[in-house]
Structure formats: structure tokens, C-alpha cells
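# A structural walkthrough
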Amino acid sequence: MLSLFMIALASATLLPGGSEAWLARQWCQGGALPALWAAATAGNVLGSLINVALGRYARHFQDRRWFPVSPRGLARAERGYRRFGEASLLLSWAPVIGDPLTVLAGIFRLPWWRATLWILVAKGGRYALVLAMAEAWLASYCG
């Protein structure tokens with residue numbers, strides 16, 4: 001379970017990872033569904049909250065020349081974030097766009113409890129779906 005937690009945590013940060021495959025592997029090896037879901041979800045949510053924290057901290061450096069986003073780009077991101085709102089964090093599970101959405105939540109100071117709630121729903125839902133698909137499609141291959 002610890003390995004699943006760590007892989008899920010790393011997968012939610014800007015590091016690459018494949019937590020879904022590891023979750024399915026752990027399920028094939030007989031892991032209990034609630035424990036697998038909880039470990040993967042907890043690790044992935046924590047990883048996303050690290051991104052939120054990085055976003056909050058990064059805002060202090062927005063006026064520096066080396067800051068990776070121009071003021072114009074940051075303003076455009078803020079308009080988009082304000083337009084779609086905090087519910088955009090329901091896409092925090094998605095490859096490519098999910099990690100930046102969590103960083104933006106930090107940059108734009110979404111309260112911690114609301115960020116956590118949106119991310120928990122998104123990440124928990126994704127892992128519930130992965131486990132349901134594993135039960136439906138992998139049962140005959142495991143064992």
C-alpha cells in the first residue's frame with residue numbers, strides 16, 4: 001500500500017507517473033478495494049495539494065524576470081480560471097491539464113478546504129472508476 005500511495009503522490013505532482021497501472025496491479029494481487037482506493041486517493045490528493053502549495057508560494061515571485069509565466073500569460077490564466085471557477089478542479093485528474101489547474105488554484109488563493117474537496121471528488125472518482133474497470137475487465141487475467 002505504501003508503494004501505491006507514493007506512486008499516486010508522485011503522479012499528482014509535476015513528475016510523471018502511472019498510478020492507475022500500479023493500482024490495477026495491486027488489485028490483481030488481491031488488495032482490498034477500500035484500502036487500495038484510499039491509498040491511491042490519499043496519495044494523489046496530497047500530491048495535488050503540494051501543487052496548490054507551490055502555486056501559493058510561486059505567486060511571491062511573479063515580478064521576477066525568471067518567473068515562468070509572463071504577466072500577460074498570468075492575467076490570461078486568471079481570466080480563464082475565474083471564468084470556469086474552482087469547479088475546473090474536477091479536471092485535476094486529467095493528464096496534461098490537471099497539474100497546472102492545481103497550481104493555478106494555489107496562485108489564485110482558492111481556500112485549502114475547497115481545493116481539497118474538489119480535488120478529492122475528482123481523484124477519488126477516477127480511482128473508483130479504475131477499480132471498477134479492473135473488476136470488470138481484468139478479473140479473468142489476474143490470479
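Remember, it's a predicted structure, so these values are computed and weren't measured experimentally.

As a further point, take the overall build of the protein chain. Looking only at helices and strands, the protein chain has six helices and zero strands in total. Put simply, the protein chain runs from its N terminus to its C terminus through helices and strands in the order α-α-α-α-α-α. Principal-axis analysis of the C-alpha atoms gives the protein chain an extent of 55 × 25 × 25 Å. When burial is assessed residue by residue, the protein chain has 39% of its 143 residues classed as buried. Counted over contacts in the protein chain with a minimum sequence separation of 6, partners at least 24 positions apart contribute 78%. Entry remark: accessible area of the protein chain is about 8,300 Å², with carbon and sulfur atoms responsible for 68%. Here the protein chain contributes 14 positive and 6 negative side-chain charges, whose respective centroids are spaced 9 Å apart.

Tallied over the full model, the rule gives one disulfide. Two residues, cysteine 28 and cysteine 142, share a disulfide whose sulfurs are 1.6 Å apart. One end of the pair, cysteine 28, is in helix α2 (residues 19-28); the other, cysteine 142, is in the segment after α6 (112-137), and 114 residues separate them in sequence.

Taken as a whole, the protein chain shows an average pLDDT of 88; of its residues, 97% reach a score of 70 or greater. The secondary structure element of the protein chain with the lowest average pLDDT is helix α4 (residues 71-84), at 82, and the one with the highest is α6, at 95.

For the rest of this paragraph, the subject is the UniProt feature "domain: VTT" (unreviewed entry) in the protein chain. Taken from the UniProt record, the annotation "domain: VTT" (unreviewed entry) applies to residues 36-130. The span residues 36-130 carries 69% helix and 0% strand; its end-to-end C-alpha distance comes to 11 Å.

The next point concerns the side chain of glutamine 26. By secondary structure assignment, the location of glutamine 26 is in helix α2. Residues within four places of glutamine 26 in sequence aside, it is in contact with Met1, Ser3, Gly31 and Leu36.

Membership of the largest hydrophobic core comes to 15 residues, with the highest contact counts inside it found for Tyr81, Leu89, Ala105, Ile107, Phe108, Leu110 and Ile119. Of all elements in the fold, only α3 (33-58), α4, α5 (98-107) and α6 reach the threshold of two or more residues within this core. At five residues, α5 tops the list of elements feeding residues into this core. Residues contacting leucine 110, with those up to four places away along its chain left out, are Arg56, Tyr81, Glu86, Leu89, Ala105 and Ala115.

As a further point, take the UniProt feature "transmembrane region" (unreviewed entry) in the protein chain. UniProt tags residues 31-54 as "transmembrane region" (unreviewed entry). Within residues 31-54, the helical portion is 92% and the strand portion 0%, while the C-alpha atoms at the span's ends are 33 Å from each other.

Once that is clear, we can look at the packing of α3 against α6. Viewed as axis vectors pointing N to C, α3 and α6 meet at an angle of 145°, and their least axial separation amounts to 9 Å. Seen from above, α3 lies across α6 with right-handed handedness. Across from Leu33, Leu36, Trp37, Ala40, Thr41, Asn44, Val45, Ser48, Leu49, Val52, Ala53 and Arg56 in α3, the residues of α6 making contact are Trp112, Thr116, Ile119, Leu120, Lys123, Gly124, Arg126, Tyr127, Ala128, Leu131 and Glu135. For the contact of α3 with α6, the class distribution of residues is 14 nonpolar, five polar and four charged.

Conventions and cut-offs
- Residues numbered from 1 in each chain as written.
- Predicted model: local features only at pLDDT ≥ 70, side-chain atom pairs only at ≥ 80, totals over all residues.
- Heavy atoms only, no water.
- Helix = DSSP H or I, 4+ residues; strand = E, 2+ residues; numbered from the N terminus.
- Buried < 20%, exposed > 50% of the residue type's maximum accessible area, 1.4 Å probe, protein only.
- Contact = heavy atoms within 4.5 Å.
- Areas by Shrake-Rupley, 256 points an atom, 1.4 Å probe, with all protein chains shown as cover.
- Lys, Arg positive; Asp, Glu negative; His and termini not counted.
- Charge placed at Lys NZ, Arg CZ, Asp CG, Glu CD.
- Disulfide = S-S within 2.5 Å.
- pLDDT = per-residue confidence, 0-100.
- UniProt positions renumbered as here; feature names shortened; annotations may be inferred.
- Core = buried A, V, L, I, M, F, W, Y, C linked by side-chain atoms within 4.5 Å.
- Axes fitted to C-alpha atoms, helices over the stretch in contact; angles between N-to-C directions.
- Left-handed = near helix turned anticlockwise from the far one by under 90°.
- Nonpolar A, V, L, I, M, F, W, Y, C, P; charged D, E, K, R; others polar.

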